[in-house]
Amino acid sequence: MERSNPSTRVDVAIVGAGPIGLCFANALSRRGVSALLIDRQPRASLEAPPSDGREIALTRASQETLEALDVWPRIPHEERATMRAAKVFDGQSLFAMQIAPRAGQDAELGCLVPNRVIRGAAHAALSAASEARAEVLWRTESEVEAFAPSADDTRVEIRLAGGEILEAALLVAADSRFSTTRRAMGIPAHTYQHGQHMLVCRMHHAQPHDFTAWEWFGHGQTLALLPVDSHCSSVVLTLPPAQMDALMTLPQADFETEITRRLEGRLGTMTQAAEARRYPLVSVYAERFVGPRQALLGDAAVGMHPVTAHGFNLGLEGVRRLAGLIGDAREAGQDIGAPRLLARYQREQRLATGPLFAATLAIVGLYTDERPPARLLRKAILRAGEAAWPVRRLIAGHLMRSAG
Ligand SMILES: Cc1cc2nc3c(=O)[nH]c(=O)nc-3n(C[C@H](O)[C@H](O)[C@H](O)COP(=O)(O)OP(=O)(O)OC[C@H]3O[C@@H](n4cnc5c(N)ncnc54)[C@H](O)[C@@H]3O)c2cc1C
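Residues numbered from 1 in each chain as written. Predicted model: local features only at pLDDT ≥ 70, side-chain atom pairs only at ≥ 80, totals over all residues. Heavy atoms only, no water.

1. Quick look at the overall build of the protein
Across its full length, the protein holds eleven helices and 20 strands. Burial analysis of the protein (404 residues in total) assigns 55% to the buried set. Across the protein, contacts joining residues at least 24 apart in sequence account for 72% of those joining residues at least 6 apart. Counting only carbon and sulfur atoms, one obtains 52% of the accessible surface of the protein, whose full area is about 17,200 Å². (Helix = DSSP H or I, 4+ residues; strand = E, 2+ residues; numbered from the N terminus. Buried < 20%, exposed > 50% of the residue type's maximum accessible area, 1.4 Å probe, protein only. Contact = heavy atoms within 4.5 Å. Areas by Shrake-Rupley, 256 points an atom, 1.4 Å probe, with all protein chains shown as cover.)

2. Details of the site of the ligand
Every one of the 32 residues lining the ligand counts as a neighbour, but Asp39, Arg54, Ala57, Asp299 and Phe312 are closest to it. Ala57 is positioned with one of its backbone polar atoms (N or O) 2.8 Å from an oxygen atom of the ligand. At 3.0 Å from a nitrogen atom of the ligand is found a side-chain nitrogen or oxygen belonging to Thr180. Protein contacts shield 92% of the accessible area of the ligand, which totals 1,000 Å² for the unbound molecule. (Near = heavy atom within 4 Å. Polar contact = N/O pair within 3.5 Å; in protein donor to acceptor, adjacent residues only side chain to side chain.)

3. Section: the sheet that holds strand β4 (residues 81-83)
Strand order in the open sheet formed by three strands is β3-β7-β4, and the pairing between neighbours is antiparallel. Here the strands that pair on one side only, and so sit at the sheet edges, are β3 (55-58) and β4. The mean angle between the axes of side-by-side strands here comes to 30°, regardless of whether they run parallel or antiparallel. For β3 and strand β7 (residues 110-114), the ladder comprises four bridges, and the chain directions are antiparallel. Bridging from a neighbouring strand, Glu55 pairs with Pro114 of β7. Where helix α4 (residues 115-132) meets the sheet, it contacts β3 and β7, and its direction lies at approximately 80° from that of β7. (Pairing = 2+ DSSP bridges. Axes fitted to C-alpha atoms, helices over the stretch in contact; angles between N-to-C directions.)

4. Regarding the packing of helix α1 (residues 19-30) against helix α8 (residues 311-331)
At their nearest, the axes of α1 and α8 sit 9 Å apart, and the two run at 25° to each other. By the angle between their axes, α1 is roughly parallel relative to α8. For the pair α1 and α8, the sense of crossing is right-handed. Where α1 abuts α8, its residues Pro19, Ile20, Cys23, Phe24, Ala27 and Leu28 lie against Phe312, Gly315, Leu316, Val319, Leu322, Ala323 and Ile326. The class makeup of the residues in the contact of α1 with α8 is twelve nonpolar, one polar and no charged. (Parallel < 35°, antiparallel > 145°, perpendicular 65-115°, else oblique. Left-handed = near helix turned anticlockwise from the far one by under 90°. Nonpolar A, V, L, I, M, F, W, Y, C, P; charged D, E, K, R; others polar.)

5. A word on the pairing of strand β10 (residues 156-160)
The side chains of a regular strand alternate between the sheet's two faces. For β10, the tally of buried residues reaches four of five residues, placing the bulk of the element in the interior. Where strand β9 (residues 144-149) lies against β10, five bridges are found, and the strand directions are antiparallel. Bridging from a neighbouring strand, Phe147 pairs with Ile158 of β10. Count of turn residues in the β9/β10 antiparallel hairpin: six residues, of which Asp153 carries a positive phi of about 65°. Judged from the four bridges that link them, β10 and strand β11 (residues 165-173) form a sheet pairing that is antiparallel. Note that in β11 the partner of Glu157 across the bridge is Glu167.

6. Overview of helix α3 (residues 60-68)
Residues of α3 that are buried include every one of Ala61, Ser62, Gln63, Thr65 and Leu66, and no others. In this fold, the buried residues of α3 make contact with α1, β3, β7 and α8. Downstream of α3 by one or two residues, Asp70 has phi in the positive range, about 65°.

7. Some points on the environment of Ser230
Relative to the helices and strands, Ser230 is located in the loop between β14 (221-229) and β15 (232-239). The spatial distance from the C-alpha of Ser230 to the C-alpha of His204 is 9.1 Å, given a sequence separation of 26 residues. The residues contacting Ser230, other than those within four sequence positions of it, are His205, Gln207, Pro208, His209 and Phe211. One polar contact links Ser230 to His231, side chain to side chain, over a distance of 3.0 Å.

8. Quick word on the pattern of salt bridges
Applying the stated criterion across every chain yields a total of 22 salt bridges. Ionic pairing is found between Asp70 and Arg74, a salt bridge with its closest N-O pair at 2.8 Å. One salt bridge connects Asp299 with Arg177, and the closest N-O pair in it is separated by 3.0 Å. Taken together, the residues Asp299 in the loop between β19 (294-296) and β20 (302-303) and Arg177 in the loop between β11 and α5 (180-184) connect sequence positions 122 residues apart. When its relative accessible area of 22% is taken as the criterion, Asp299 is described as partly exposed. Connected through salt bridges with shared partners, the residues Glu317, Arg321, Arg344 and Glu348 form a single ionic network. (Salt bridge = Lys/Arg side-chain N within 4 Å of Asp/Glu carboxyl O.)

9. Remarks on the state of the cysteines
Per the stated rule, a full pass over the model turns up zero disulfides. Free cysteine: Cys201, not disulfide-bonded; nearest cysteine sulfur from Cys232 at 9.1 Å. (Disulfide = S-S within 2.5 Å.)

10. Thoughts on the nonpolar core
Core analysis: the largest hydrophobic core is formed by 75 residues, its most contacted members being Ile14 and Phe24. Discounting chain neighbours no more than four positions away, the residues touching Phe24 are Val12, Ile14, Val172, Leu297, Val319, Leu322, Ala323 and Ile326. With 19 residues, the next largest nonpolar core counts Trp214, Val235, Leu239 and Leu263 among its residues. (Core = buried A, V, L, I, M, F, W, Y, C linked by side-chain atoms within 4.5 Å.)

Okay, structure coming up:
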């Protein structure tokens, strides 16, 4: 990269002001570490994000982290949907595995919050934190063009698309599972194209859901219902792309009839409450999470399949881990981009995410396989009891674990 005198120097440059980039800058600011956020979106849409249809199931640990970052109190109560229990159905069977907190534990299994609301609250909390604590700078409607280590290897020089040069002790990529920064860092990623698309859509229904989430592995489709309000749920439907094309182009009345039919009328007539969104399902696991003065965070490191509801939760675990190590290094007067610090982040974050990523892929494989042996195995697992139920262990166990 051609060198020139940088006009701006910060401790950490973060590419991507998604929920993870925003929370990371906030956590750094609270530890006296300055940050600069670079995002291709305009500031207004980061401040008040449009709906993307995602309802995020938050673990206890995530709620605690959001509380510590002053994000949780900014999430209005009416936007927090309680999940008291979950039911898992297989095929046409009415038999369901119940997932509920153990006796003696709190009455809630988890809490669902729209992604749009988390992002808005994370932006507001960051603005407040950066006024009182270490500086946070912004470059929006902007992208990184190139970066390279400084001549003395103590910093990384970053050139933005408009030509501006910045310097940071550490460059962090938090620019989604399709991260272009990860690619520019030369970090390969294991990418799994699941060949399925996921539809998410809020719908009203005639029968109440009792604040219970449903996960339903039907033949040729996977359906989930996430409680929003007593007679409103977020419908999550996974289908092959061609079938999804057909569904998404139906007129509203036909779409509603089709969703009611797919749910076999179990909650009565379904009526659309918001626009339906669609996501191609791609899981990503980066081969490395760090490089020289570089780190990956959030979906840029681990892009989970949404079925076990872990992506944002694991991203926040990474925020806690990396911001904690950087904050401790700053307090001790050490280099915040030192190889040893980055190696520790990588080791711990891979341990925390690798088994869950692999187990989620295995579950997706088992529950989208329509061959008879897989269907028999699903039934056997479902009837073997709570302890053997992998979704229960992955969803309930993880949701209720605290930051510790
Ligand atoms: C349907 C669905 C349901 C989900 N449900 C759950 C759930 O229940 N629980 C859970 O924990 N997780 C869930 N997730 C996952 C969760 O949404 C993600 O893990 C989370 O959004 C990741 O945040 P992020 O900040 O890492 O990335 P993103 O949210 O993807 O944000 C990336 C940011 O980077 C910016 N950007 C991208 N490229 C560039 C570039 N080149 N230059 C500059 N800026 C760039 C974008 O504008 C964006 O602001 C779900 C996901 C989906 C799709």
